[in-house]
Amino acid sequence: MLQLCCRLTSMFPVLTSGYFYFCFVFCTLIKSPSYSVPESLPFSLPAPAQPYTIMYYFTAAFFNSKLRCVAHLTILKQINHVNNLISLRSVSQKWTCPLISVQPIRGLVDEKFQIAVTNLPPNQKVTLHSLHQSDDTDFWEAFGHYVSDEHGSVTGFKDESLGGTYDGTEPVGLLWSMRPIPGSRHGLRLRKRDIFRPMEVRISVYNGHLSQGFSHQAPLATSVTERWYVAPGVKRVNIREKEIRGTLFLPPGSGPYPGVLDLWGGGGGLVEYRSALLASHGFASMALEYLAPEDLSLEDTDASYFEKAYQILNNHPMVKKDHLAVLGLSLGSAITLNMVSYSKVIKPQCCVCISGSHLMPVEKSLSELFELMKNHEDKLCVNEDNQVIYRNLILSLPCQSGKVDVGRIKCPLLLVNGDDDQNFPAVESAEDMAMMMDKAGNRHLLEILTYPDTGHLIEPPYSPHFRATKYKLQWTKERIVMLWGGQTKPHAYAQEDAWKKILAFLWQHLSAP
């Protein structure tokens, strides 16, 4: 009994303190001569009941009730512990960090991506934001305002943007609506210079509907996607032959491939990114530099220069001979129309002219063309924002003597135009070309795509829209702000649709044996 009492005392000191007080009083009583066993007790005793027997049974009853009480308290504590764990788990789930997913992480620039944000509170206002630093070190951004659904999710390919740089359901609005961040240099244009480095775009989600000050806010989640102009395995070959300056891009594999001679516009320089993207789609594409390349003046840049470039491409061992196309933009389109109409060397299977005109003759050299345009520069118009409208100058050039005779064209011709082109009279030119070709009997070779509210610079898909940018006039070297035209959303739609149809057109006419 003594050992049991000591053990219980060490285990339950508070419970046993009252018991030992009772024992002290009880022992004092039984020593008293007047003590007798009570007739009724709260527990039964065997007869005859002696004092110490009473104490034994009382002890058993006392601790049995106390142990049951302790067991009950222990169970209650365990239940409370489980309830606390459940509550903590619920709080943990409620405050889980938001997650953002961008798929694919790496892809070509003309591929769509899918953005998904999860673990948001239901019906939370958030802003999706994109940020890109260009090869010129300028920052570009776009953003859209969203509200999470009942599951706490936002998905860019099905949810609508309620505002920002774009609205509506636009899976790649965070790309084509990009613009320079506030405080940037004026008149910027986003162009890829190093095509072997990806266009890195940081996609972030912010709490609330923000329109500015993103650099001063901490995003809820961020992901980075890489946009490439070159697919894995595409090769870049420098062309420095017969005074020709250019870059040939070859698709992966052993070849030979159909070829494309790629002519950019009057901005000058060697522009490679469209040719790199064409090679990523299976074409051997040669980007040609033709505005004052090294060791060559504008006086020497005449029809023979383009004919030599065409022959280099046609004779390359990785190019399918006599399976060539010519693709031009702006001034490059005017040169294309001149070459396919008059050259005895350049005989492509098809050609594509983006935002071009047949009103710019290249009879001898580019120097003479620029001199002609300089003589009509008084026809240039300037709007209220001091942006130059160039199209009136081209319309003022001598018509009948200066028109390219497109009735001589013998190959399929695709014209891609925007009806808000403020740089070239492309739509008017297309209508006149259609009449000329109809009269000449080759109208069946002509296909015209005209896009509403679309400007001059129709580039590969998801490229940002530039309504006006800085530009250097070739004949004066003067820096101006050129108005290109177009509205952001319809221009973006035009770029996506036109690119698909350009690729289909090229494959249709170059894939024949």
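None of the values given here were measured: they were computed from a predicted structure.

Undergrad: Please explain the packing of aromatic side chains as it appears in this structure.
TA: Each aromatic ring pair is described using two quantities: the centre-to-centre distance and the angle formed by the ring planes. Enumeration according to the criterion identifies 10 aromatic pairs in this entry. Taking the centre distance of 5.3 Å and the plane angle of 55° together, the rings of tryptophan 264 and tyrosine 273 count as tilted. Accessibility assignment for this pair places tryptophan 264 and tyrosine 273 in one class, buried. Here the basic side chain of arginine 274 rests over the ring of tryptophan 264, its NZ or CZ set 4.2 Å away from the ring centre.

Undergrad: I keep staring at the sheet that holds strand E14 (residues 319–329) and nothing clicks. Help me out?
TA: To summarise the sheet geometry, strands pair through backbone hydrogen bonds and adopt either a parallel or an antiparallel arrangement. Read from one edge to the other, the open sheet built from eight strands follows the order E10-E11-E13-E12-E14-E15-E18-E19, with strand pairing classed as mixed. The open sheet has two edge strands with one neighbour each: strand E10 (235–241) and strand E19 (446–451). For this sheet the average axis-to-axis angle between neighbouring strands, irrespective of direction, equals 20°. Of the pairings in the sheet, the one linking strand E12 (residues 257–263) to E14 comprises six bridges and is parallel in character. When the bridges of E14 are listed, glycine 259 appears paired with leucine 324. Those strands touched by helix H11 (residues 426–440) are strand E18 (413–418) and E19, and its axis lies near 150° from that of E18.

Undergrad: Explain the side chain of asparagine 417 here, please?
TA: Locating asparagine 417 in the fold gives a position in strand E18. If we skip the residues at most four places from it in the chain, asparagine 417 touches Ser355, Gly356, Ala426, Val427, Ala430, Ile448, Leu449, Thr450, Tyr451 and Ile458.

Undergrad: I'm lost on the packing of helix H5 (residues 273–280) against helix H12 (residues 488–510) in this one. Help?
TA: Two numbers describe a pair of packed helices, the interaxial angle and the distance between the axes. Close contact between H5 and H12 brings their axes to 12 Å; oriented N to C, the two are set at 60°. Relative to H12, H5 is oriented oblique. Note that H5 runs across H12; the crossing there is right-handed. In this structure, H5 contributes Arg274, Leu277 and Leu278 to the contact, and H12 contributes Trp499, Leu503 and Leu506. Tallied by class, the residues present in the contact of H5 with H12 amount to five nonpolar, no polar and one charged.

Undergrad: In this structure, what is going on with unusual backbone geometry? I would like to understand it.
TA: Note: most peptide bonds trans; most residues except glycine with negative phi. The amide bond that connects glutamine 103 to the next residue, proline 104, takes the cis arrangement and shows omega of 0°. Looking at where proline 104 falls in the secondary structure, it is placed in the loop between strand E1 (99–103) and strand E2 (106–108). Look at the link from glycine 255 to proline 256: it is a cis peptide, with omega at -5°. Along the chain, proline 256 falls in the loop between strand E11 (244–250) and E12. One non-glycine residue, threonine 137, adopts positive backbone phi at about 70°. The residue threonine 137 is located in the loop between strand E4 (125–133) and strand E5 (139–147) in this model. Even without a glycine there, the phi angle at tyrosine 462 is positive, about 70°.

Cut-offs used in this document
Residues numbered from 1 in each chain as written. Predicted model: local features only at pLDDT ≥ 70, side-chain atom pairs only at ≥ 80, totals over all residues. Heavy atoms only, no water. Phe/Tyr/Trp six-rings, centres within 6.5 Å; stacked < 30°, edge-to-face > 60°. Buried < 20%, exposed > 50% of the residue type's maximum accessible area, 1.4 Å probe, protein only. Lys NZ or Arg CZ within 6 Å of the ring centre and 35° of its normal. Pairing = 2+ DSSP bridges. Helix = DSSP H or I, 4+ residues; strand = E, 2+ residues; numbered from the N terminus. Axes fitted to C-alpha atoms, helices over the stretch in contact; angles between N-to-C directions. Contact = heavy atoms within 4.5 Å. Parallel < 35°, antiparallel > 145°, perpendicular 65-115°, else oblique. Left-handed = near helix turned anticlockwise from the far one by under 90°. Nonpolar A, V, L, I, M, F, W, Y, C, P; charged D, E, K, R; others polar.

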